[in-house]
Each structure stands twice: as structure tokens, then as C-alpha cells.
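Residue-level listing of the chains:
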Amino acid sequence: QVQLVESGGGLVQPGGSLRLSCAASGSIFSISDMGWYRQAPGSQRELVATITSGGSTKYADSVKGRFTISRDNAKAMVYLQMNSLKPEDTAVYYCKARIRTELNTIGDYWGQGTQVTVSS
């Protein structure tokens, strides 16, 4: 069994910063790509940023220059540093990881989501 648990969401004023964390645990053999996605009310879930096991990153155009994704492979964690937050960043943020389990199965696993609200 594999679990992803996000933390770090909350209410922040425009221009502020938040750091999201996501911890993977369970019967994990290895983790390849990890990423953050978000879903605003009435909208589809969208990619925010991804990072490979080697550290290569990709960002949505809307967050480039403001958000930074990073990971700690030893701790099986992925982070999202969000700076210069805007009201349009308000959404539920989900982490995702592609995991090979100890039973040698491979799948994409999702966290439960953490709410980020940017408002004055």
C-alpha cells in the first residue's frame, strides 16, 4: 500500500508565499516522476510542475518564475515553493508520483489535496 500526504496549504495574501510538501510512504521500491497539479472550482485539474528522479523540471507557463519544485529522494518527498502568489493560484493542490512498489507494480498515485487560497 502506498500513500501520498500533502501539507502546507492555507490562506495567504496576494504577493505572499507558501511551501507545499508531499510525503510518499508505504511499500515503495522506487519513485520516478513526481509533480504538483491543481484544480480550481469549476475547472479541470491542471499540471503545475513536475520533476524527474534526476531533477529535471517542467512548469506551467502561468507559474514560471514564481514557483519552484524540488524533491528529496532519500525522504521520498516533493516540495512546491510558491512565491508572488496571485488570486488565480487559488485551488486545491495535489501531488502525484509514479511509483514502483515492492510487488513490482507501477502506477500513478495521488495525494488527497491541500487547499491554497490567495485573498486579501
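About the cut-offs
- Along each chain, residues carry numbers from 1 onward, in the same order as the chain's sequence is written.
- Local features in a predicted model are, by the rule used here, given only for residues with pLDDT of at least 70; side-chain atom pairs are given and counted only at 80 or more, and totals for whole chains, interfaces and linings are based on all residues.
- To obtain the side-chain values, all non-hydrogen atoms of the structure were used and water was disregarded.
- Secondary structure elements are defined from DSSP: runs of H or I of at least 4 residues count as helices, runs of E of at least 2 residues count as strands, and each element is numbered from the N terminus.
- Every radius of gyration here is taken over C-alpha atoms, with the globule rule written as 2.2 Å times N^0.38, N being the number of residues.
- Relative accessibility decides the category of a residue: with a 1.4 Å probe and only protein chains considered, values under 20% of the type maximum give buried, values over 50% give exposed, and everything between is partly exposed.
- Residues are treated as being in contact if the distance between any of their heavy atoms lies within 4.5 Å.
- Calculation of accessible area relied on Shrake-Rupley with a 1.4 Å probe; when residues are assessed, cover is drawn exclusively from the protein chains displayed.
- Between Lys or Arg on one side and Asp or Glu on the other, a salt bridge is scored when a side-chain nitrogen of the former is within 4 Å of a carboxyl oxygen of the latter.
- The disulfide criterion used throughout: a pair of cysteine sulfur atoms within 2.5 Å.

A few points about the overall build of the protein chain
Link 1 in the chain: What the protein chain contains, in helices and strands, is zero helices and 11 strands.
Link 2 in the chain: Here the protein chain has a C-alpha radius of gyration of 14 Å; the compact-globule value for 120 residues is 14 Å, and the two agree.
Link 3 in the chain: Counting the 120 residues in the protein chain, one finds 42% classified as buried.
Link 4 in the chain: Taking all contacts inside the protein chain whose residues are at least 6 apart in sequence as the whole, residues at least 24 apart take part in 55%.
Link 5 in the chain: Element-wise, carbon and sulfur atoms account for 47% of the exposed surface of the protein chain, whose accessible area totals about 6400 Å².

Points about the pattern of salt bridges
Pairing between side chains of opposite charge can happen when the charged atoms of each approach one another.
Link 1 in the chain: Within the structure shown, the criterion is met by six salt bridges.
Link 2 in the chain: Here Arg-38 makes a salt bridge to Glu-46, at a shortest N to O gap of 2.7 Å.
Link 3 in the chain: A residue is classified by how much of its surface remains accessible, and Glu-46, at 38% relative accessible area, is partly exposed.
Link 4 in the chain: Its salt-bridge partner being Lys-64, residue Asp-61 comes within 3.1 Å of it at the nearest N-O pair.
Link 5 in the chain: One network of salt bridges, with partners in common, ties together Arg-38, Glu-46, Arg-66 and Asp-89.

Focus on the state of the cysteines
Link 1 in the chain: Using the criterion set out here, one finds one disulfide in the structure.
Link 2 in the chain: The disulfide that involves Cys-22 links it to Cys-95, with 1.9 Å between the sulfurs. Of this pair, Cys-22 sits in strand 3 (residues 18-26) while Cys-95 sits in strand 9 (residues 91-101), placing them 73 residues apart in sequence. Considered together, Cys-22 and Cys-95 belong to a single accessibility category, that of buried residues.

In short, geometric facts, not functional conclusions.
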